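Structural overview
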Amino acid sequence: MEISLFKGRTHMGRRLFLLVIGTFILSFGIAMSKKAEIGTSPISCIPATLTYCTDLSIGTWTIIFNILLVAAQVVIMKRDFEPIQVLQLAMAVLLGSLTDVSMEILGFMSPGSYIEQWIYCIAACVILSFGVFLEIRANLLVVPGDGLVFILSKKIKGCPFHKLKRYVDATMAITAVVISLTTCGELNGAREGTIFAAIAVGTCIGFYRAKFGDALNRFLESED
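Below, the structure is looked at part by part.

Quick notes on the rules
Residues numbered from 1 in each chain as written. Predicted model: local features only at pLDDT ≥ 70, side-chain atom pairs only at ≥ 80, totals over all residues. Heavy atoms only, no water. Helix = DSSP H or I, 4+ residues; strand = E, 2+ residues; numbered from the N terminus. Rg over C-alpha atoms; globule rule 2.2 N^0.38 Å. Contact = heavy atoms within 4.5 Å. Areas by Shrake-Rupley, 256 points an atom, 1.4 Å probe, with all protein chains shown as cover. Axes fitted to C-alpha atoms, helices over the stretch in contact; angles between N-to-C directions. Parallel < 35°, antiparallel > 145°, perpendicular 65-115°, else oblique. Nonpolar A, V, L, I, M, F, W, Y, C, P; charged D, E, K, R; others polar. Core = buried A, V, L, I, M, F, W, Y, C linked by side-chain atoms within 4.5 Å. Buried < 20%, exposed > 50% of the residue type's maximum accessible area, 1.4 Å probe, protein only. Patch = residues over 30% accessible without salt bridge, like charges linked within 9 Å, V, L, I, M, F, W, Y side chains within 5 Å. Salt bridge = Lys/Arg side-chain N within 4 Å of Asp/Glu carboxyl O. Disulfide = S-S within 2.5 Å. Lys, Arg positive; Asp, Glu negative; His and termini not counted. Charge placed at Lys NZ, Arg CZ, Asp CG, Glu CD. Polar contact = N/O pair within 3.5 Å; in protein donor to acceptor, adjacent residues only side chain to side chain.

A count of helical and extended segments in the protein gives 8 helices and 0 strands. Helices (α) and strands (β) of the protein occur, in sequence order from the N terminus, as α-α-α-α-α-α-α-α. Taking 224 residues into account, the globule formula puts the C-alpha radius of gyration at 17 Å, and the protein, at 17 Å, falls close to it. Seen through its C-alpha atoms, the protein measures out along the principal axes to roughly 50 × 40 × 30 Å. Long-range pairs, those at least 24 residues apart, make up 79% of the contacts in the protein with a sequence separation of at least 6. With an accessible surface of roughly 11,100 Å², the protein has 67% of that area assigned to carbon and sulfur atoms.

Dropping the structure here:
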């Protein structure tokens, strides 16, 4: 996984467009999973859980949480932290702001049964994973959660990115469960939908990569 920004990149306008569109689609998926009320994806479950015990929105908590993730990167990397990685903060603000916008757009959504909750949850994973896929293909900027996993994989020898990401996702989900149980006395934000998302999102991204990867590469590299 490449985390150095803008080096050797071509067609910056197209990549920025893809990044913004992907972030909006991602935020829409996060908002839909929050509306489903059976758990969001692991990377969003802590902000989602904190909305149940505070007056702050999920978008605001997303910004705060991602700022903390960037701070953690600075602490871990120390002098090796690349100053340009501070731009991850812009990604955090964009994602958080768009998540609140998406929550407003989906204000009408209110599942009336457990089956409807699962329909919304599955749809959210399909949408969310497409947003992640577009962000990855833009190859400009990573979300702070993935940035943290990447630098940890560099620090911990013999632990590749994909394996470490599972551990980090599990840690976030467990943290959300602890926060929810201690503050609300019940599970909110991290539930069965979180486990499903942890499995489904990666599968969906693989599907999108196989179906649309080559087409997007041609879009990003072709001459005007």
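Next comes the rest of the account.
Moving on: the packing of helix H1 (residues 12-36) against helix H8 (residues 192-221). Viewed as axis vectors pointing N to C, H1 and H8 meet at an angle of 135°, and their least axial separation amounts to 8 Å. In terms of axis orientation, H1 runs oblique to H8. Contacts between H1 and H8 involve Arg-14, Arg-15 and Leu-18 from the former and Leu-216, Phe-219, Leu-220 and Glu-221 from the latter. Its residues assigned to classes, the contact of H1 with H8 shows 4 nonpolar, no polar and 3 charged.

Right, let's talk about the nonpolar core for a bit. Among the nonpolar cores identified, the biggest contains 22 residues, and Ile-46, Leu-164, Val-168 and Met-172 are the most heavily contacted of them. Listed by contribution, the elements that provide at least two residues to this core are helix H2 (42-50), helix H3 (58-77), helix H6 (144-155) and helix H7 (161-183). Top contributing element to this core by residue count: H7, with 6 residues. Sequence-distant contacts of Leu-164, that is, excluding residues within four places in its chain, are made with Val-149, Leu-152, Ser-153, Ile-156 and Cys-159.

With that settled, consider a nonpolar patch on the surface. Side chains of Phe-17, Ile-21 and Phe-219 sit close together on the surface and give an oily, nonpolar patch of about 270 Å² of accessible area. You can see Phe-17 is positioned in helix H1.

Let us now look at the state of the cysteines. A covalent bond between the sulfur atoms of two cysteines is what we call a disulfide. On inspection of all chains with the given rule, the structure shows 0 disulfides. In this structure Cys-204 is a free cysteine whose sulfur lies 7.0 Å from that of Cys-125, the closest cysteine sulfur available.

Below, the discussion takes up the environment of Leu-18. Locating Leu-18 in the fold gives a position in helix H1. Between the C-alpha atom of Leu-18 and that of Gly-131, which follows or precedes it by 113 residues, the distance is 9.3 Å. Ignoring anything within four residues of it in the chain, the contact list for Leu-18 reads Leu-134, Arg-137, Ala-138, Leu-216 and Leu-220.

Taken together, Lys-78, Lys-154, Lys-155 and Lys-157 make up a surface patch of like positive charges. Considering the arrangement of structural elements, one finds Lys-157 in the loop between H6 and H7. Looking at Lys-157, the relative accessible area reads 73%, which means it is exposed.

Right, let's get into the side chain of Thr-51. The residue Thr-51 is located in the loop between H2 and H3 in this model. Residue Thr-51 is classed as buried on the basis of its relative accessible area of 16%. Within polar-contact distance, the side chain of Thr-51 engages the backbone oxygen of Ala-48 at 2.5 Å. Once residues within four sequence positions are removed from consideration, Thr-51 is found in contact with Lys-34, Leu-56, Ser-57, Ile-58 and Trp-61.

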